[in-house]
Amino acid sequence: TDILENKKTFILLKAFEKANPNQRKALFALLDTNDAHVKYEGVRAFFDELGIPAETKQIIDHYFTEAKVLGHKLSHLPGFASILEFFQALTKREF
């Protein structure tokens, strides 16, 4: 997963942004660990503690709504239904 690969994803950057100095230090320590289970569960716990999943879902919903509104201008184009399906699948992605 992105956590195990230390990818700098939106939710990880948000966690660092919202974390206090002690939480940031602990988060860096988790990211530096070699124990995959501890790393994954610990980082996920930080995300939950900081409210990152809910905040991310709100942002996704906001941009999806904007995309839908703008997409109506393109709805007459062939293949638009497939694009809309793809966007809907993205909003259901678990993180």
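Residues numbered from 1 in each chain as written. Predicted model: local features only at pLDDT ≥ 70, side-chain atom pairs only at ≥ 80, totals over all residues. Heavy atoms only, no water.

Engineer: Can you lay out the environment of Ala-54 for me, pointing to particular residues and giving the numbers?
Structural biologist: Looking at the element boundaries, Ala-54 is found in helix H4 (residues 52–71). Taking relative accessible area as the criterion, Ala-54 reaches 51% and is therefore assigned exposed. Sequence separation of Ala-54 and Arg-44 is 10 residues, and the distance between their C-alpha atoms is 13 Å. (Helix = DSSP H or I, 4+ residues; strand = E, 2+ residues; numbered from the N terminus. Buried < 20%, exposed > 50% of the residue type's maximum accessible area, 1.4 Å probe, protein only.)

Engineer: Please give an account of unusual backbone geometry that cites residues and values.
Structural biologist: Positive phi, close to 55 degrees, is recorded for Asn-6, a residue that is not glycine. With respect to the element layout, Asn-6 can be found in the segment before helix H1 (10–18). Given the relative accessible area of 29%, Asn-6 is considered partly exposed.

Engineer: How would you sum up the pattern of salt bridges? Please name residues and give values.
Structural biologist: Per the counting criterion, the structure on display carries six salt bridges. When the shortest N-O distance is used, the salt bridge between Glu-5 and Lys-7 registers 3.2 Å. By relative accessible area, Lys-7 is classed as partly exposed at 40%. Counted as one network, the salt bridges with shared partners bring together Lys-14, Glu-17, Lys-18 and Glu-55. (Salt bridge = Lys/Arg side-chain N within 4 Å of Asp/Glu carboxyl O.)

Note that every value here comes from positions in space, so none of it alone points to a role or purpose.
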